[in-house]
Amino acid sequence: MRSVQVIVRVHDVAAAAAFERVGAFSRYPELTEVIRSVTSRQVSEKEEVSDWDVYFRNGILSWSETDLFDRDALTITFEQTDGDFAEFAGVWRLTADGQDCLVDFSAEFDFGIPSLAGILDPVAERVFKETIARVVISIFGGNAAVVGDEAVARAVAEALGTPVTAASGAR
């Protein structure tokens, strides 16, 4: 099992307002070419099922997940129900930080191919981090920065054609 985490600081946006925008998964393909498609179906007020197709290496990763929205705690937990991962689950956490909010994406995944884990897992981890950071920064019109991971901040800045500032890695 491999863990991945990326934190993005969104400037001058309340966590509750950011929560609604982050949770609009079907909009993600508009924000990066890595995400081919996302289709969401509301099951209840707090639950959705979403189907994902994401470009990875020379193919497409596909999966379905259950997404549980807790607006009081400002969390979205997800777990794969079907798809290309042997296991995939995680959580989005949004927290207030002064005038800003922090968007914290954490997940664990396993492709279920132990002989290729040393090759696939590091690549998947990098793709997850860069894609999530790029999506969150794009959602907020660039009014956001990666926290604590200068390599991801640089990769995302390069992909978006924006300068990297020292604040990109600051908490």
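Values in this document were obtained by computation on a predicted structure and should not be read as measured data.

Cut-offs used in this document
Residues numbered from 1 in each chain as written. Predicted model: local features only at pLDDT ≥ 70, side-chain atom pairs only at ≥ 80, totals over all residues. Heavy atoms only, no water. Pairing = 2+ DSSP bridges. Helix = DSSP H or I, 4+ residues; strand = E, 2+ residues; numbered from the N terminus. Axes fitted to C-alpha atoms, helices over the stretch in contact; angles between N-to-C directions. Contact = heavy atoms within 4.5 Å. pLDDT = per-residue confidence, 0-100. Core = buried A, V, L, I, M, F, W, Y, C linked by side-chain atoms within 4.5 Å. Buried < 20%, exposed > 50% of the residue type's maximum accessible area, 1.4 Å probe, protein only.

**Here's the deal with the sheet that holds strand β8 (residues 144-147)**
Phase 1: With respect to topology, 8 strands assemble into an open sheet ordered β2-β3-β4-β5-β6-β7-β1-β8, the strand pairing being antiparallel. Each edge of the sheet is formed by a strand with only one pairing partner; in this case those strands are β2 (35-42) and β8. Neighbour to neighbour, the strand axes of the sheet diverge by 20° on average, direction disregarded.
Phase 2: In this structure, strand β3 (residues 47-56) lies alongside strand β4 (residues 59-70), joined through 10 bridges in antiparallel fashion. The residue of β4 that forms the bridge with tyrosine 55 is isoleucine 60.
Phase 3: Packing of helix α2 (residues 117-139) onto the sheet brings it into contact with β1 (2-10), β2, β3, β6 (87-97), β7 (100-110) and β8, and relative to β1 it is tilted by some 20°.

**Section: the confidence of the model for the protein**
Phase 1: The predicted model of the protein has a mean per-residue pLDDT of 90, with 95% of residues at 70 or higher.
Phase 2: By mean pLDDT, helix α3 (residues 150-160) is the weakest element of the protein at 82, and strand β5 (residues 75-83) is the strongest at 98.
Phase 3: The low-confidence segment residues 165-171 (pLDDT under 50) makes 17 contacts with residues lying over four places distant or belonging to another chain.

**Quick notes on the nonpolar core**
Phase 1: Formed by 50 residues in total, the largest nonpolar core has its most connected members in Tyr28 and Trp92.
Phase 2: The element contributing the most residues to this core is α2, with 10 residues.
Phase 3: Among residues more than four places away in sequence, those in contact with tryptophan 92 are Val22, Phe25, Tyr28, Leu74, Thr75, Ile76, Phe78, Val103, Asp104, Phe105, Ile132 and Val136.

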